[in-house]
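# Coordinate analysis (summary)
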Amino acid sequence: MTSPVWITSTPPTPNGDLHVGHLAGPYVAGDVLSRFLRSESRSVLYTSGIDDHQSYVQVRGLKEGGKAPEDIADAYGASIERTWRSAAVSFDRVVLPRRDPGYDRVVQRFFQRLHDDGHIEARTTPLPYCASCELWLYEAYVVGGCPHCGSSSNGNACEACGRPNDCGDLVDPRCTLCGQAAESRPCERLYFPLGPHTERLVDYWATVRMPPHLRALCERMAAEGLPDIAVTHPADWGVGVPVPGFEDQRIYVWFEMAPGYLMQAGRVGGADGAGPQGPVQFFGFDNGYFHAVLFPALYAACGRTDILPAAFEVNEFYRLREQKFSTSRRHAVWADEVIEECGSDVLRHHVCCDRPEGRQTSFDRPALERTRRHLDTLWNGWLDRLFDDVEAGCGGRVPDEEPVGADWESLRSRLLASLAELREAYGPTAFAPRRAVALLDEMVRCVTDFAHVQAHQAQRPGGAAHFRAALAAQLAVASALAAWAAPLLPVGAARLAQVLGVPAGRPVTAAALAVPRGRRLTLPDGPVFGSTPHYTAVGDAGDEPADCGGELTTDDVRVRAAAPADLPELAELFRLYLAFYGVEPDGGEGPEAFLTDRLKNGDAVLLLAETEGGSVGFAQVYPTFSSLAMKPVWTLNDLYVRAGARGAGAGRALVRACVERARAAGATGVQLETGPDNRVAQALYEAEGFSRGEYLTYFRAVDTGVDASG
């Protein structure tokens, strides 16, 4: 019995939801490799975990009003697992540190063995301390200048250059909770010196497959002398230290992850040959030192060379508005929202096409919308025309004719040549999802060209049989696409297999390029690849969900300035808006009187959104001033779209009209507020160029006591 191919993706930290950068990094890519190998009938074990004990979890709880870290980890951990499922990322095993029986015991035994064998030793070194918070500062609790590259860095590791630090060597360290400068105090911790393992690491690096960027980091660290790594910290969150005298400390979470990987593989007991051997590991470059230096040294020190990875698949940073995606800083586009908008196929195609392989790449919503349209126009467009032609010309059944002719042979030859490259791009030795996306797109372009050319066969006298043969050829390609695209776009590929009546999950081989004989097509009730965009309603610039479907056409929506004659329609929309927020105006004429004053006094800009059916929404903007800019600034205070008119782009059209009118009026910008949990609305505003402010907003009622902050 052969050992399964073990694939790992770095356990995410449950201090927030998964963002698009996570999926562009290890998780979708690892799933693509896993699905390809399974289609080849290979035994696969795809694993990850939830990194509960990260200090970032505890810090997130403190910043959210003192929530317990257990509550933060449980809530976001559950959200992460839901998002994996929504993104069609399928793990065989996910280790949950606080739920899996015996987890702490496994970690502590691993630690104890290394300590007993002399690989871990006590050492007193400087550690930042916050006198104001009365806390030792490490990892998420401290920020300062990286001692290696000078970039801003948290404790223990620098995301920018990938190198470790000792917290005490950060330049001008500050507490991340209160912002105060840290003191330097001596602290006794337990350390794992990397230096004694240099030779074994260098030998290992010569055998493992890794990208040049990570290899350069490893070789540079070895040339400069590998450091000693603190493997405990004074803390109360995490796995307790089993060494007497250090009961008030916790095991460093990145040390904890090494035995955590053993649990993922079910290889805790030792190298008995019964489980998977060294894995293919997917992670970001900022985690490269841990996977390529620290973990191999720990495994070598305890004699577990059987667990050393066979390959490192490393992504660079995926950026958003010129900065790295960051859960802790809430600089992100959340993956669950994008999947809800456009489906997992669109997101998987997009993040694989834009995967940061060897260089940093950047996410933006217009590009995501182009991907959605690309799948809908190219992929689904061809399939829809094919299904219509089969229904019209063959009664919905696969024609009996065989694909024939020079054009078919040329297409088939090109497809098989691309297939050989596709298998290489899917495979573990030359894995390249960006290339796989490009190859699949080119295949669909080729068959689309073939379809357009062959459509004229139907116009020939006696050409019906030739046309049916061309349809059979296209159905053969559709059958192939259901297999060949499955590792990358599993949901759409499964839908296509169902339409054609062929098995899902077939191998990515030439055998899939065959006409599905004797079948009647089961036509889908929606697009095969991707999904119909999900656009919900726009409330005000506050709490109702927002229309956020990417670059929607607004050709059918007209936005204009409201006039006194529009008062009845405006008042009706305003009443619906107030009712949404549970506000019952005093007196029957309250909305009309309020809006009449605004129009009469000219102290607000009122905009109406209209379609052929009449007025569908409104926005109200209050021009004011910015003292710091010494220029006018507009406040988009209210925005509403009728329930029956939502999804047509009216909300987006109103936002854009506000911005354009503010620009024409010489305003320095447009500001608005939205609820902290209304991520759908936030997505719209960010897609339209709004950025999150740095200041808190406060409100106090001074007259009627009615909360007017919304």
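Before reading further, recall that the structure is shown in the block above.
Residues numbered from 1 in each chain as written. Predicted model: local features only at pLDDT ≥ 70, side-chain atom pairs only at ≥ 80, totals over all residues. Heavy atoms only, no water.

### A short note on the overall build of the chain
We count it as follows: Per the convention used, a helix needs a DSSP run of H or I reaching at least four residues, while a strand needs a run of E reaching at least two, with both numbered from the N terminus. For every residue, the accessible area obtained with a 1.4 Å probe (protein chains only) is divided by the maximum for its type, and the residue is called buried under 20%, exposed over 50%, and partly exposed between those limits. Contacts are assigned to residue pairs with any non-hydrogen atoms lying within 4.5 Å of each other. Shrake-Rupley sampling with a 1.4 Å probe provides the accessible areas, and residues are treated as covered by the protein chains on show and by no other component.
Along its length, the chain carries 19 helices and 22 strands. Every one of the 710 residues in the chain was classed for burial, and the buried ones make up 55%. Considering only contacts within the chain whose residues lie at least 6 apart along the sequence, 75% involve residues at least 24 apart. For the chain, the exposed area adds up to about 29,700 Å²; of that, 50% sits on carbon and sulfur atoms.

### Focus: the side chain of Arg348
Quick reminder of the rule: Within 3.5 Å is the distance limit for a polar contact, defined as a pair of N or O atoms, with the added protein rule that one can donate a hydrogen and the other accept it, and that residues adjacent in sequence qualify only through two side-chain atoms.
For Arg348, the position within the fold is in helix H10 (residues 344-353). At 3.0 Å, the side chain of Arg348 and the backbone oxygen of Ala87 are in polar contact.

### What about empty space enclosed by the protein?
To find leftover empty space, one rolls a probe the size of a water molecule over the atoms. Formally: We place a 1 Å grid over just the protein atoms. Points where a 1.4 Å probe fits but has no way out form a cavity, open points with protein on both sides within 12 Å along at least 5 of 7 lines form a pocket, and any residue with an atom within 4 Å of a point lines it. Grid points are joined across faces, edges and corners, and a volume is the space filled by probe spheres set on the points. Ten residues, namely Ala, Val, Leu, Ile, Met, Phe, Trp, Tyr, Cys and Pro, are considered nonpolar, four, namely Asp, Glu, Lys and Arg, are considered charged, and the remaining ones, Gly among them, are considered polar.
Tallied over the entire structure, the rule returns nine cavities of 30 Å³ or more. Put simply, the largest cavity is a space of about 90 Å³. In terms of lining, the largest cavity is formed by Pro11, Gly49, Ile50, Asp51, Val95, Pro97, Tyr103, Val253, Glu256, Met257, Gly260 and Gln264. If one sorts the elements of the lining of the largest cavity by residue count, helix H7 (residues 253-265) sits on top with five residues. Looking at the lining of the largest cavity, its residues break down into seven nonpolar, three polar and two charged.

### So, the side chain of His349
Structurally, the position occupied by His349 is in helix H10. Relative accessible area serves as the criterion here: at 3%, His349 is assigned to the buried category. There is a polar contact of 3.2 Å between the side chain of His349 and the side chain of Asp441.

### Description of the sheet that holds strand E8 (residues 171-175)
Under the convention used in this document: Two strands are counted as paired when DSSP detects at least two bridges linking them. Only the contacting stretch of a helix is used when fitting its axis, a line to C-alpha atoms as for every element, and angles between N-to-C directions run 0 to 180 degrees.
One open sheet accounts for three strands, arranged E7-E6-E8; its pairing is antiparallel. What marks the edges here is a single partner per strand, and that holds for strand E7 (152-154) and E8. Within the sheet, the average angular offset between the axes of one strand and its neighbour, ignoring direction, is 25 degrees.

### Remarks on the pattern of salt bridges
Keep this limit in mind: In the sections that follow, a salt bridge refers to a side-chain nitrogen of Lys or Arg positioned within 4 Å of a carboxyl oxygen of Asp or Glu.
Taken as a whole and judged by the stated rule, the model has 33 salt bridges. With its nearest N and O atoms 3.5 Å apart, the salt bridge here joins Glu421 to Arg435. Residue Glu421 is found in helix H12 (residues 406-426), and its partner Arg435 is found in helix H13 (residues 433-454); the two are separated by 14 residues along the sequence. Counted as one network, the salt bridges with shared partners bring together Asp52, Asp74, Arg98 and Arg99.

That's the geometry; what it means functionally is another story.
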